[in-house]
Amino acid sequence: MILKLEDKHRKIVLDYVAKEPSKNLFIIGDIEQHGFNKDFQEVWGKFDEDNNLRGVLLRYTNNFIPYIEKLDEDVSEFKDIIRKYKDKKIISGKDTIIEKFKDVLGDYEEKITYFCELKDDKKLLEWDDTIKLGKEEDAQRIYDLLSTIDEFSVEYSVDTIRSRIKDNSTVSYYIENEDKEIITISQITAENSKSAMVVGVATKKEYREQGYMGKCLSKLCSDLIKRNKTLCLFYDNPKAGNVYRKIGFKEIGKWTMLVEK
């Protein structure tokens, strides 16, 4: 049985997805922040005959994120819901789950990244007071660094970076040089009560392979772990993966995104 979930289902659905907080970071965060009654967000649950929750499907704008605890679960009703949505769709989630949804879309692009998590501080590097917490007035300097990174496509204006710092939707840690240029940055977003996503990790080209990234990221991770949060991230750059594993991140699978053309 499929039900469109309401606020009365909040505890049961959050308890269900909290069994795997890293895989369900977006589902947890979106429900905690936006609930069940927004035009841009809907949540469905699949229940068995004993009223036990067996699966969750979240829609945030045109992005659908399914989650099932057991891979042999029938997801045909979730697929029917996605098919009824008229605009171009994105389906994203753990690769083994998304494999079951590939026949929903016609022509699509598949994007696969490695998915890692960090639960303890055992391998974090030492840091010092050169690492600073990003403030609104740092938005221009943050933009200046991100715009030099070939691997990134800077999607946000200086004003957007500033507003995201102001409302805490992005938290940034950085190191600057003697000229007050930001030379390395580590950021988190999608923070919820259980976990947070590491994003926008970057170092200016001439300062790479000197330990700045590992030190800055270790400080960020330490602060979040002290607040009992699991850190998770996506990456597709092998060199970046080496840095993440060095400070204790462990691969827990792959994250797949299907983007309808």
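Residues numbered from 1 in each chain as written. Predicted model: local features only at pLDDT ≥ 70, side-chain atom pairs only at ≥ 80, totals over all residues. Heavy atoms only, no water.

Caption draft 1: A look at helix α1 (residues 10-17). Of the positions making up α1, those classed as buried are V13, L14, Y16 and V17. Burial along α1 is one-sided: seen end-on, the buried residues are contained in an arc of 160°. Buried positions along α1 lie against α2 (25-34), β3 (53-60) and β4 (63-68). (Buried < 20%, exposed > 50% of the residue type's maximum accessible area, 1.4 Å probe, protein only. Helix = DSSP H or I, 4+ residues; strand = E, 2+ residues; numbered from the N terminus. Arc of directions from axis to C-beta. Contact = heavy atoms within 4.5 Å.)

Caption draft 2: Fine view of the state of the cysteines. Following the criterion strictly, the structure yields 0 disulfides and no others. Not part of a disulfide, C216 finds its nearest cysteine sulfur in C221, a span of 9.7 Å. Under the relative-accessibility criterion, C221 is labelled buried at 0%. (Disulfide = S-S within 2.5 Å.)

Caption draft 3: Representation of the environment of I112. Along the chain, I112 turns up in strand β6 (residues 108-118). Taking the relative accessible area as the measure of exposure, I112 reaches 45% and is therefore partly exposed. Distance from I112 to K254, taken between C-alpha atoms, is 6.7 Å for residues 142 residues apart in sequence. Setting aside anything within four residues of it in sequence, one finds I112 in contact with K254, W255 and T256.

Caption draft 4: Quick look at the packing of helix α5 (residues 139-146) against helix α6 (residues 158-166). It is at 9 Å that the axes of α5 and α6 come closest, and there the two elements cross at 120°. Classed by the angle they form, the pair α5 and α6 counts as oblique. In this structure, α5 meets α6 at a crossing whose hand is right-handed. Contacts between α5 and α6 involve A139, Q140, I142 and Y143 on the former and, on the latter, V158, I161, R162 and I165. (Axes fitted to C-alpha atoms, helices over the stretch in contact; angles between N-to-C directions. Parallel < 35°, antiparallel > 145°, perpendicular 65-115°, else oblique. Left-handed = near helix turned anticlockwise from the far one by under 90°.)

Caption draft 5: Just the pairing of strand β12 (residues 250-260), in detail. Looking at chain direction, strand β5 (residues 90-94) and β12 are connected through 5 bridges and run antiparallel. Among the inter-strand pairings, G93 is bridged to a residue of β12, identified as T256. Where β6 meets β12, 10 bridges bridge the pair, whose relative direction is antiparallel. Residue pairing in the sheet places I112 in a bridge with T256 of β12. (Pairing = 2+ DSSP bridges.)

Caption draft 6: The environment of F152, seen in detail. The residue F152 is located in the loop between α5 and α6 in this model. For F152, a relative accessible area of 30% puts it in the partly exposed group. Along the primary structure F152 and E6 are separated by 146 residues, whereas in three dimensions their C-alpha atoms are 38 Å apart. In this structure F152 touches L146, G200, V201 and A202, once residues within four positions along its chain are discounted.

Caption draft 7: A look at the pattern of salt bridges. Throughout the structure, instances matching the rule amount to 28 salt bridges. With a shortest N-O distance of 3.9 Å, K204 and E206 are connected by a salt bridge. Relative accessible area serves as the criterion here: at 17%, K204 is assigned to the buried category. Among the charged side chains, a salt-bridge network with shared partners connects K132, D138, R141, E176 and K180. (Salt bridge = Lys/Arg side-chain N within 4 Å of Asp/Glu carboxyl O.)

Caption draft 8: Up close: the packing of aromatic side chains. In this structure the tally under the stated criterion is 12 aromatic pairs. Ring centres 5.6 Å apart and planes at 65° place the aromatic pair Y16 and Y67 in the edge-to-face group. Taken together, the residues span a long stretch of sequence, with Y16 in helix α1 and Y67 in strand β4 at a distance of 51 residues. Of the two residues examined, Y16 and Y67, each falls in the buried class. Through a chain of ring-to-ring contacts, the aromatic side chains of F26, F115, F234 and W255 assemble into a single cluster. (Phe/Tyr/Trp six-rings, centres within 6.5 Å; stacked < 30°, edge-to-face > 60°.)

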